[in-house]
Amino acid sequence: FMTADPKKVEKAFAIRNLSYSEAMELSHFGAKVVYTPTIQPVFKKNIPVKVLNSFNPDAPGTVICSSDLNHTDSPIKGISSIDNISLITLVGAGLVGVTGISSRLFSSLAKNSVNVILITQASSEYSITFAVNPADTRKAIKAIKNEFEAEIDYKKEITILLEENLSIIAIVGEKMKNTPGISANLFTSLGRSGISVIATAQGSSELNISVVIKNIYLKKALNVIHDGFFLSKYKDLHLFLIGIGTVGKSLLRQIENQQEKLLHNHKLKINLVGISNSRKMLLNEGGIDLHNYLDRLNEEGVKANINEFVAKMAAMNIRNSVFIDCTANEDVAKLYNKVLDSYISIVAANKIACSSEYSLYKELKTKARDKNIKFIFETNVGAGLPIISTINDLIKSGDKIIKIEAVLSGTLNFVFNVLSADVPLSEAVRMAKEKGFSEPDPRIDLSGIDVVRKILILSREAGYEIEKKDVEIHTFLPKECFEGPVEDFWKKLPHYDEEFENKRKKLEASNKCWRFVAKLEDGKASVELMEVGQNHPAYHLEGSNNIILITTERYKEQPMIIKGYGAGAEVTAAGVFADIIRVANV
């Protein structure tokens, strides 16, 4: 006997000992190791039965006897299932307080050789529900209609309801009796994975708790229940990655390098099961090797389609799944709602969803909270810096954000730091693009749009209901630079080199420098290029670093300062990786 069907639950293991009652319950609910009635004679005579594996007879096997020899830590011994059943319900006022209804119902079924697998009844007596094999469904309904013809057709007091394509899962164990929290663990495990329980039954002996679910969720349900009750050697996390540009590739490289340590030190096994770029996509429940994922994508992948990717991901129905968005694509962001509806957590480096309409931002956060899954986007601001999580911690602890002043564009900070007599503006922007600091189209950074998105997200996380149109924007390049294709932009940009060099010399002479600053103050947000002196914390900001000054009711005299790398594929990927670990909660 195994703790679950090994064909459906990879982590299932052999049960060393079962009582006669436990063995009969598991057999009745689908564990086809022994035929249930054959246990009854040995049970009566108290004869131990040893069940061995015919393919591995030297293994210990399972002993069925009257006492528990195993002393397992888990309150349950095993999980069994019947893959396909139909659920029939009699419902109506004609059942309430009427003597003999159950007798008439089950006598009529017995007369027609209908085997009832499970029975549950509402305490109000308003309904009786029972499960049968699909082959007996029509026969059962006909028998009920004949028996209750008057109540159904004439008095209209009883209605027959039928639900098909269902499965029963039973958790079995004598230690469940008088052990609190068993049902809570069972229903919590299912609820967190978005699996609804259609019916449930539990006898007064507490030997068995049975639940009825849609059979499309059977494999997922068996796995989450098994993980919930048995101390597994490790926790699985299944990743679906969209976007394998510089950040995506760096992320997969970091995961590959860290996989062994995570498994050994934190009992976390990360499996890449879906991947897509703009051309091809590949989904494989068995896993995609991180060492040769590009080769497999090119050889086995099909034409990329984000809608199909999300649909197939949902259809795979794998527990502990995470959707990772390493794109800057609006179409991907529009599908976050569907992803969350499938009870799949989201880790987003893509800023579009959280910086679009406030209503969508709020909806996504609320939906993730209500479904008890994660929607994490730490890298939306500051790459790998812990900015959003810090703001969340401050607010959760009762503090209030009064003001935020920040240099949030690693790209612009890099540009204004390398700007010199030898490096004109156009060359500085090109360098930022080549080093991977800027967006694919650098105008997103230069226009301030990227910073607007970031201060918008921080403002919302700080508790302010702000829309993009509410952010005041002061650009430092003329409008014509942001019109037309990006190729035209690269041609126009050198025309402003001399103007910026003249301004830079004046700034340098007065011991000042440029910083593109985002502000939130008095509930209003703005972004602009500012001249800052040596006494400003942002003056000495190097390279592509970011700096965030957070003034709160507690940090009023001296703001909290977070400073560090705010751009680059490696640090952004590291931030995404950290968010994935947060989803795993290890």
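The preceding data block contains the structure.
Keep in mind that this is a model prediction, so the values were computed, not measured.

Visitor: So, the sheet that holds strand E16 (residues 375–376): which residues are in play, and what are the values?
Guide: Strand order across the open sheet formed by 7 strands is E13-E12-E11-E10-E14-E15-E16, with mixed pairing between neighbours. Among the strands making up the open sheet, the edge pair consists of strand E13 (302–303) and E16. Judged from the 4 bridges that link them, strand E14 (residues 321–325) and strand E15 (residues 345–348) form a sheet pairing that is parallel. Its bridge partner lying in E15, phenylalanine 323 is registered against isoleucine 346.

Visitor: Outline the packing of helix H14 (residues 388–396) against helix H18 (residues 449–461), supporting the account with residue identities and numerical values.
Guide: One can describe the packing of H14 onto H18 by two numbers: an axis separation of 9 Å at closest approach and a directional angle of 20 degrees. Taken together, H14 and H18 sit at an angle that is classed as roughly parallel. H14 and H18 meet at a crossing whose hand is right-handed. On the side of H14, the interface is formed by Ile388, Ile391, Asn392 and Ile395, while H18 contributes Ile457, Leu458 and Glu461. Of the residues in the contact of H14 with H18, the class split is 5 nonpolar, 1 polar and 1 charged.

Visitor: Let's hear about the packing of helix H15 (residues 410–418) against helix H16 (residues 425–434): which residues, and what values?
Guide: One can describe the packing of H15 onto H16 by two numbers: an axis separation of 9 Å at closest approach and a directional angle of 135 degrees. In this view, H15 runs oblique relative to H16, as classed from their interaxial angle. For the pair H15 and H16, the sense of crossing is right-handed. Together, Thr411, Phe414, Val415 and Val418 of H15 and Leu425, Ala428, Val429, Met431 and Ala432 of H16 make up the contact between the two elements. Partitioning the contact of H15 with H16 into residue classes produces 8 nonpolar, 1 polar and no charged.

Visitor: Help me get a handle on the nonpolar core, residues and values and all.
Guide: Phe323, Tyr336, Ile404, Leu425, Ile455 and Leu477 are the most contacted members of the largest nonpolar core, which has 79 residues in total. Counting residues per element, this core draws most heavily on H18, which supplies 6 residues. Residues Leu241, Leu262, Val347 and Ala349 belong to the second largest nonpolar core, which totals 31 residues.

Visitor: Give me the pairing of strand E11 (residues 268–276): which residues, what numbers.
Guide: Remember that side chains alternate between the two faces of the sheet whenever the strand is regular. Burial of E11 is extensive: 8 of the 9 residues sit out of reach of the surface. For the handedness criterion, the β-α-β arrangement of strand E10 (residues 235–242), helix H8 (residues 246–266) and E11 is classed as right-handed. By the bridge criterion, 3 bridges tie E11 to strand E12 (residues 280–283) in an arrangement that is antiparallel. Counterpart to glycine 274 in the pairing with E12 is leucine 283. Linkage of E11 to E12, two consecutive antiparallel strands, is achieved through a turn of 3 residues.

Visitor: Provide a residue-level description of helix H7 (residues 218–229), including the pertinent values.
Guide: Spacing of three or four residues puts side chains on the same side of an α-helix, whose turn is 3.6 residues. When the terminal C-alpha atoms of H7 are compared, their 17 Å separation across 12 residues agrees well with the 16 Å that a helix rising 1.5 Å per residue should span. With 9 of 12 residues buried, H7 lies mostly within the body of the structure. In this fold, the buried residues of H7 make contact with strand E4 (78–91), strand E7 (159–172), helix H6 (182–192) and strand E9 (208–214).

Visitor: If you had to explain the sheet that holds E9 to someone new, which residues and values would you point to?
Guide: Taken in spatial order, the 6 strands of this open sheet run E5-E6-E4-E7-E9-E8, and their pairing is antiparallel. Both edges of this open sheet fall to strand E5 (116–121) and strand E8 (199–202), since each of them pairs with a single strand only. Taking the axes of each pair of neighbouring strands and ignoring which way they run, one obtains an average angle of 30 degrees across the sheet. The pairing of E5 with strand E6 (residues 127–132) spans 5 bridges and is classified as antiparallel. Paired with threonine 120 across the two strands is threonine 129, which belongs to E6. Lying on the sheet, helix H3 (residues 101–111) is in contact with E4, E5 and E6; it crosses E6 at an angle near 20 degrees. Seen against the sheet, helix H4 (residues 137–147) touches E4, E6 and E7 and runs at an angle of roughly 125 degrees to E7.

Procedures and definitions
- Residues numbered from 1 in each chain as written.
- Predicted model: local features only at pLDDT ≥ 70, side-chain atom pairs only at ≥ 80, totals over all residues.
- Heavy atoms only, no water.
- Pairing = 2+ DSSP bridges.
- Helix = DSSP H or I, 4+ residues; strand = E, 2+ residues; numbered from the N terminus.
- Axes fitted to C-alpha atoms, helices over the stretch in contact; angles between N-to-C directions.
- Parallel < 35°, antiparallel > 145°, perpendicular 65-115°, else oblique.
- Left-handed = near helix turned anticlockwise from the far one by under 90°.
- Contact = heavy atoms within 4.5 Å.
- Nonpolar A, V, L, I, M, F, W, Y, C, P; charged D, E, K, R; others polar.
- Core = buried A, V, L, I, M, F, W, Y, C linked by side-chain atoms within 4.5 Å.
- Buried < 20%, exposed > 50% of the residue type's maximum accessible area, 1.4 Å probe, protein only.
- Right-handed = clockwise from strand over helix to strand, strands pointing away.
- Expected span 1.5 Å × (residues − 1).

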